[in-house]
Amino acid sequence: MKWSAAICFVFLLSFAESKVPHRHEFGIASTLDSSQCSTQKNIHNLATITFAQFAPEATFEEVSKMTSDVLTAIKKATSKEQEEGCLENKLSVFLDEICHEKELTEKYGLSGCCSRSGEARHHCLLARKKTALAAVPPFHFPEPAEACKAYEENRAMFMSRFIYGISRNNPFMYAPAILSLAAQYDKVVSACCKAENTEECFQSKTPSLAKELREGSLLNEHVCAVKREFGSRNLQAITMVKMVQKFPRVNFTEIQKLVLDVAHIHEECCQGNAVECLQDGEKVMSYICSRQDSLSSKIAECCKLPTIELGYCIIHAENDDKPEGLSLNLKGFLGDRNFAQFSPEEKIMFMASFLYEYSRTHLELAVPVILRVAKTYQEILEKCAQSENPLACQDNLEEEVQKHIQESQALAKQSCALSRNLGDYRLQNVFLIAYTRKVPQLTSEELLDLTRKLVGIASTCCQLSEDKWSTCGEGAADLFIGHLCIRHEASPLNPGIGQCCNSSYSNRRTCITSLVMDETYVPPPFSADKFVFHKDLCQAQGRALQTMKQKLLINLVKQKPGITEQQHEAVTADFSGLLEKCCQGQEQEACFAEEGSKLISRTRDALGV
């Protein structure tokens, strides 16, 4: 059977299989009616995204050929009676096309995955997304003159290349986010190429798109990693808190339906199913807008936007106002029911109702804090269910729950005080010492990047009013720690980080915070090669000089994890004296060789290494 005929046959079979109503567990309804197949106007772009994300090493021409082949086959398979572009549950068709290209699979090392079938093949291709990135050049927005020329010559081709470039560099980014970004960039190019000062126009508009791309990709990868490590139930709990805080007026039945639908969409997106990720996302957003009067007073403007821009707007819209008169009696929430006698399904539904009520009465708390509260609440219920007097056993329930809120607020206050008193550079040094002790296995570049992000979190959150410090910090720290855990997943760092990353999602931040030092770490033998000084130090100014000092600090901590603040300050002062002395002389290189060796000797004596 020829390939085009085979793919048509597979498509027709799976088309017939897909037409079943979507249902959630426990019989909870869904807004995703699979029997109604929406016309997919973005199918060419979705195919480009799918191929570029699963085979990021492939060239634009190779991706374009696969896209053309699979769309030709799909068009043949789709009769006039069926809605063209309806591709639910068709990810396998795209993966078949990738694996059909024998030359491409051998060229890019896909043969191993393609020798498998079904779910095994899918999981193999998903797993290699991250490692394949090493062979992909970084994405850069095109230069203004180049962009305008290409856009004018062939707008469709230009935008397709843009989507390809983003997709291959961000293999976990959701298709709707990529298409939304592309739609915005399309408007920017169209406007800026007609502007009086084209270059200035691009310079003013592309930074916000670059930020959206960076943050969106990080968030999507984080969600997929959490789902992969902690499972669907945890993803549903996170989604519950976010949805309830976004729509606190909505009743529990309606929220359940939305939460399970949105969690299901996350799973589709994380599986790389670009078609269903977009189609089902649009269905949920349309459903939300059709009921905006009862859901939220904050999304009216969003619902006027084109479909492709709708999701981003609703996700980033302000939370609706908290309904008046809401309160929650923690001790009385269970009532006279016996938690120990609940079936597993009843416990799941009970804890879902608790999350719902606690989230809508605490709109000011961050998602991880609420999840820590819920975890503690369930643990106390489990313990008290075994006691002779379950109600009396819960007397300290409120106090135990408050500990999580107070710990988060205290950490936020401490961080903002440090940020205010030390400034960015000295604050980063504090973080560098702390995280080099926690994770000495990271490279200097990784530690510098990681601690810059921590400083950025402090700078952003501490500008807000004090009542928002904790929520802002917890949300940003969740992403930050999530990506540290993704790094650990790729190449294990140390047992302490592994324990924090893998044991409990809600407690990851508190676990990392409480880590002081990697007790398994053995400093390497002292090497003078890590402390070599040359005359190029004299040309270093500002940020470059600070980075050199910070790399020296990292090497010192890796050499002596127990280095004190006084020892660090003494070595830094000694280093500054070396710069001042040698950079003022004529024989700079000779001076650094002689005085540098003396500094190393003094440092070794001071640190005892």
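Residues numbered from 1 in each chain as written. Predicted model: local features only at pLDDT ≥ 70, side-chain atom pairs only at ≥ 80, totals over all residues. Heavy atoms only, no water.

Draft legend 1. Expanded view of the overall build of the protein. Within the protein one finds 26 helices and zero strands. Counting only C-alpha atoms, the protein reaches 85 × 75 × 55 Å along its principal axes. Classification of the 609 residues of the protein by burial places 50% in the buried group. In the protein, of all internal contacts separated by at least 6 residues, the share reaching a separation of at least 24 is 74%. Entry remark: accessible area of the protein is about 29,200 Å², with carbon and sulfur atoms responsible for 53%. Looking at the protein, you have 67 positive and 78 negative side-chain charges, and the mean spots of the two groups are 1 Å apart. (Helix = DSSP H or I, 4+ residues; strand = E, 2+ residues; numbered from the N terminus. Buried < 20%, exposed > 50% of the residue type's maximum accessible area, 1.4 Å probe, protein only. Contact = heavy atoms within 4.5 Å. Areas by Shrake-Rupley, 256 points an atom, 1.4 Å probe, with all protein chains shown as cover. Lys, Arg positive; Asp, Glu negative; His and termini not counted. Charge placed at Lys NZ, Arg CZ, Asp CG, Glu CD.)

Draft legend 2. The arrangement of the packing of helix α20 (residues 444-461) against helix α21 (residues 469-490) in detail. Relative orientation of the contacting elements α20 and α21 amounts to 165°, with a least axis distance of 9 Å. One way to sum up the angle between α20 and α21 is to call them roughly antiparallel. For the pair α20 and α21, the sense of crossing is right-handed. Here E446, L450, K453, L454, I457 and C461 of α20 lie close against α21, whose contacting residues are W469, C472, G473, A476, A477, F480, L484 and R487. Residues of the contact of α20 with α21, tallied by class, amount to ten nonpolar, one polar and three charged. (Axes fitted to C-alpha atoms, helices over the stretch in contact; angles between N-to-C directions. Parallel < 35°, antiparallel > 145°, perpendicular 65-115°, else oblique. Left-handed = near helix turned anticlockwise from the far one by under 90°. Nonpolar A, V, L, I, M, F, W, Y, C, P; charged D, E, K, R; others polar.)

Draft legend 3. Here's a closer look at the state of the cysteines. Evaluated as defined, the whole model comprises 15 disulfides. With its sulfur 2.0 Å from that of its partner, C269 forms a disulfide with C277. Between C269 and C277, the S-S torsion sits near 90°, and that sign places the bridge as right-handed. Looking at C269, the relative accessible area reads 9%, which means it is buried. Given a relative accessible area of 2%, C277 falls into the buried group. Across the disulfide from C582 sits C591; the S-S distance is 2.1 Å. One quick way to see it: the torsion about the S-S bond of C582 and C591 is about -75°, and its sign makes the bridge left-handed. The pair formed by C582 and C591 is uniform in burial state, with each residue classed as buried. (Disulfide = S-S within 2.5 Å.)

Draft legend 4. Fine view of the packing of aromatic side chains. Across all of its chains, the model carries 21 aromatic pairs by this definition. Considering the side-chain rings of F60 and Y164, the 5.4 Å spacing of their centres and the 65° angle between planes classify their relative orientation as edge-to-face. Here Y164 lies in helix α9 (residues 155-169) and F60 lies in helix α3 (residues 60-77), a separation of 104 residues in the sequence. Of the two residues examined, F60 and Y164, each falls in the buried class. Taking 5.8 Å as the distance between ring centres and 65° as the angle between the ring planes, the aromatic pair formed by F342 and F350 counts as edge-to-face. The pair F342 / F350 is uniform in exposure class, with both members buried. (Phe/Tyr/Trp six-rings, centres within 6.5 Å; stacked < 30°, edge-to-face > 60°.)

Draft legend 5. Spotlight on the pattern of salt bridges. The final tally for this structure, using the stated rule, is 33 salt bridges. Between E379 and K375 there is a salt bridge whose closest N-O contact spans 2.7 Å. Of this pair, E379 and K375 both sit in helix α17 (residues 367-384), four residues apart, which is roughly one turn of the helix. Residue E379 is classed as partly exposed on the basis of its relative accessible area, which comes to 42%. Of the residues examined, K375 reaches a relative accessible area of 32% and is grouped as partly exposed. Salt bridges sharing common partners tie together R372, E407, E474 and R509. (Salt bridge = Lys/Arg side-chain N within 4 Å of Asp/Glu carboxyl O.)

Draft legend 6. Structural context of helix α22 (residues 495-503). Burial in α22 covers these residues: I497, G498, C500 and C501. The buried residues of α22 occupy an angular sector of 165° when projected down its axis, which confines them to one face. Those residues of α22 that are exposed and angled more than 90 degrees off the buried face are P495 and Q499. On its buried face, α22 is in contact with α11 (198-246), α19 (397-438), α21 and α23 (508-514). The distance from a side-chain oxygen at the start of α22 to the backbone nitrogen of G496 is 3.1 Å, and the residue carrying that oxygen is N494. (Arc of directions from axis to C-beta. Polar contact = N/O pair within 3.5 Å; in protein donor to acceptor, adjacent residues only side chain to side chain.)

Draft legend 7. Spotlight on helix α13 (residues 274-290). Here α13 spans 24 Å end to end across 17 residues, near enough to the 24 Å set by a 1.5 Å rise per residue. Counting buried residues along α13, 15 of its 17 residues qualify, which places the element largely inside the surrounding structure. (Expected span 1.5 Å × (residues − 1).)

Draft legend 8. The arrangement of the nonpolar core in detail. The biggest cluster of nonpolar side chains holds 66 residues, and the ones touching the most others in it are M240, I288, I314, F350, F354, Y358 and Y377. Secondary structure elements with two or more residues in this core: α11, α12 (252-270), α13, α15 (307-315), α16 (344-361), α17 and α19. No other element matches α11, which puts eleven residues into this core. Among the nonpolar cores identified, the runner-up in size contains 57 residues, and F54, Y108, I166 and Y185 belong to it. (Core = buried A, V, L, I, M, F, W, Y, C linked by side-chain atoms within 4.5 Å.)

Draft legend 9. Highlighting the side chain of T451. Residue placement: T451 occurs in helix α20. Within the structure, the side chain of T451 is placed 3.1 Å from the side chain of Q428, a separation counted as a polar contact. Filtering out sequence-adjacent residues up to four positions away, T451 remains in contact with Q428, F431 and L432.

Draft legend 10. The confidence of the model for the protein, seen in detail. Across the protein, the average pLDDT comes to 87, with 91% of residues at or above 70. Least confident of the elements in the protein is helix α1 (residues 3-18), whose mean pLDDT is 38; most confident is α9, at 96. Between residues 1-20, whose pLDDT stays under 50, and residues either more than four places distant or in other chains, the model counts 35 contacts. In the predicted structure, residues 80-85 sits below a pLDDT of 50 and forms 14 contacts with residues beyond four places in sequence or in another chain. (pLDDT = per-residue confidence, 0-100.)

Draft legend 11. Spatial organisation of the environment of E357. Among the structural elements, E357 can be located in helix α16. Residue classification places E357 among the partly exposed residues on the basis of a relative accessible area of 22%. Residues E357 and M157, 200 residues apart in the sequence, show an inter-C-alpha distance of 50 Å. With near-sequence residues (within four places) excluded, E357 lies in contact with L328 and F333.

Draft legend 12. Geometry of the packing of α11 against α16. At a minimum axis separation of 8 Å, α11 and α16 run at an interaxial angle of 30°. Considering their axes alone, α11 and α16 lie roughly parallel with respect to each other. As α11 runs across α16, the sense of the crossing is right-handed. Within the contact between the two elements, α11 uses R233, A237, M240, V241, V244 and Q245 and α16 uses I348, A352, L355, Y356, S359 and R360. Looking at the contact of α11 with α16 residue by residue, the classes come out as eight nonpolar, two polar and two charged.

Draft legend 13. Looking closely at the environment of G112. Looking at the secondary structure, you find G112 in helix α6 (residues 111-114). Considering only alpha carbons, one finds G112 and L125, 13 residues apart in sequence, at a separation of 9.3 Å.

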